[in-house]
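# Secondary and tertiary structure notes
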Amino acid sequence: RHDHHRFGLRMRSAASGTSPPGRRCAVDMCPKDPPGVAKLIRRGDLVFDVGAHSGSKAEASLADGARVVCVEPQPQCIAELRRRFRSSRRLTVVPLALGAREGTQTLSICSRADVLSTLNEHWKHGRFASYDWDKHIDVEISTLDSLIEKYGMPRYCKIDVEGSELAVLQGLSRPMPFNSIEYAI
């Protein structure tokens, strides 16, 4: 039984024209297919950007008038998010990763392509075997449930976590209105 069934959600794959090669905006999870992210977000809505990296998706959500919570464990990305959005009162940077349960985990950072940094050892093989994860740091892990408890229920949640998507969803005990999961194949 797949976890998305636990939430009563249907999965749909869709290629994204703006993603790098091999990258897909892959799973929209909601009771029905959303008309598009821009149409989903209304002024004042709460958006979670899980795996925010440098904040390109957060920037788009801010432009739509949303309040944004960026979740990011990489120190250099946290610094960039704080610098880039320092004047925004509608954006909060949460310096940790999400998973199935709270604790700590080792994040493997790929300096050559930090967008590939991951908590998932298995994810580093196969297609990404030629990359070197040359830094390892322990990061705090929280859950989507804890994030919701602290910031509220988001209208939209983007998850881009390099192989840890299932673990992030396992930290959620109730459905959220709209979610998208980005993954590499």
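Per chain, residue numbering runs from 1 following the sequence as it is written. The predicted origin of the model limits local features to residues at a pLDDT of at least 70 and limits the giving and counting of side-chain atom pairs to 80 or more, whereas totals for whole chains, interfaces and linings rest on all residues. In computing side-chain properties, one takes all heavy atoms of the structure into account and sets aside hydrogens as well as water.

## Section: helix α3 (residues 56-63)
Along α3, the positions that sit buried rather than exposed are Ala58, Ser61 and Leu62. Down the axis of α3, the sector holding all buried residues measures 100°, keeping them to one side. In what follows, residue pairs with any heavy atoms lying within 4.5 Å of each other are defined as contacts. Elements are defined by DSSP. Helices are runs of H or I of four residues or more, strands are runs of E of two residues or more, and each kind is numbered from the N terminus. Buried residues along α3 sit in contact with β3 (46-50), β4 (67-71) and β5 (91-94). Gly65, located one to two residues past α3, shows a positive phi value of around 95°. Summary of the burial criterion: residues with accessible area below 20% of their type's maximum are buried, those above 50% are exposed, and those between are partly exposed, where the area comes from a 1.4 Å probe applied to protein chains only. Comment: arc refers to directions from the helix axis out to C-beta atoms.

## Structural notes on the pattern of salt bridges
Salt bridge, as applied in this entry: a Lys or Arg side-chain nitrogen positioned within 4 Å of an Asp or Glu carboxyl oxygen. The full count for this structure, using the stated rule, is seven salt bridges. The salt bridge involving Asp45 is made with Arg42; its shortest N-O contact spans 4.0 Å. By relative accessible area, which is 12% here, Asp45 ends up buried. Of the residues examined, Arg42 reaches a relative accessible area of 47% and is grouped as partly exposed. Notably, a salt bridge pairs Glu182 with Lys57, separated by 2.2 Å at the nearest N-O pair.

## What about the sheet that holds strand β8 (residues 135-142)?
Pairs of strands are assigned from DSSP output, requiring at least two bridges between the strands. Pairing in this open sheet of three strands is mixed, and the strands run β6-β8-β7 from one edge to the other. Only two strands of the sheet have a single partner each, and these edge strands are β6 (97-98) and β7 (103-109). Of the strand pairs in this sheet, β7 and β8 are connected by seven bridges, and their pairing is antiparallel. The residue of β8 that forms the bridge with Thr104 is Glu140.

## Quick notes on the confidence of the model for the chain
If pLDDT is low for a region, its predicted coordinates should not be looked at in detail. A residue's pLDDT is the predictor's confidence in that residue, given on a scale from 0 to 100. Of all residues in the chain, 79% attain a pLDDT of 70 or more, and the chain-wide mean is 83. Under a pLDDT of 50 for its full length, residues 1-35 has, in the predicted model, 77 contacts with residues more than four places off or in other chains.

## Comments concerning helix α4 (residues 75-84)
Here α4 has its buried residues at Cys77, Ile78 and Leu81. End-on, the buried residues of α4 take up no more than an arc of 105°, which puts them together on one face. Turning to α4, the residues buried within the fold contact β4 and β5.

## Comments concerning the environment of Ser117
Structurally, Ser117 is set in the loop between β7 and β8. Assessed through its relative accessible area of 7%, Ser117 is described here as buried. Through-space distance from the C-alpha of Ser117 to that of Leu107 is 7.0 Å; in sequence the pair is ten residues apart. Separated by 3.1 Å, the side chain of Ser117 and the backbone nitrogen of Cys110 make a polar contact. Definition of a polar contact: a pair of N or O atoms within 3.5 Å, with one able to donate and the other able to accept a hydrogen when the atoms are protein atoms, and with sequence-neighbouring residues admitted only if both atoms are side-chain atoms. At 3.1 Å, the side chain of Ser117 forms a polar contact with the backbone oxygen of Asp114.

## Let's talk about the pairing of β4
The buried fraction of β4 is high, at four of five residues. In this structure, β3 lies alongside β4, joined through five bridges in parallel fashion. The partner of Val50 across the bridge, within β4, is Val71. Whether a crossover is right-handed depends on one test, that the path from the first strand over the helix to the second runs clockwise when the strands point away from the viewer. Each parallel crossover has a hand, and the one from β3 via α3 to β4 is right-handed. Across four bridges, β4 lies against β5 in parallel orientation. Its bridge partner being in β5, Val69 is matched across the sheet by Thr92. The handedness of the β4 to β5 crossover, carried by α4, is right-handed.

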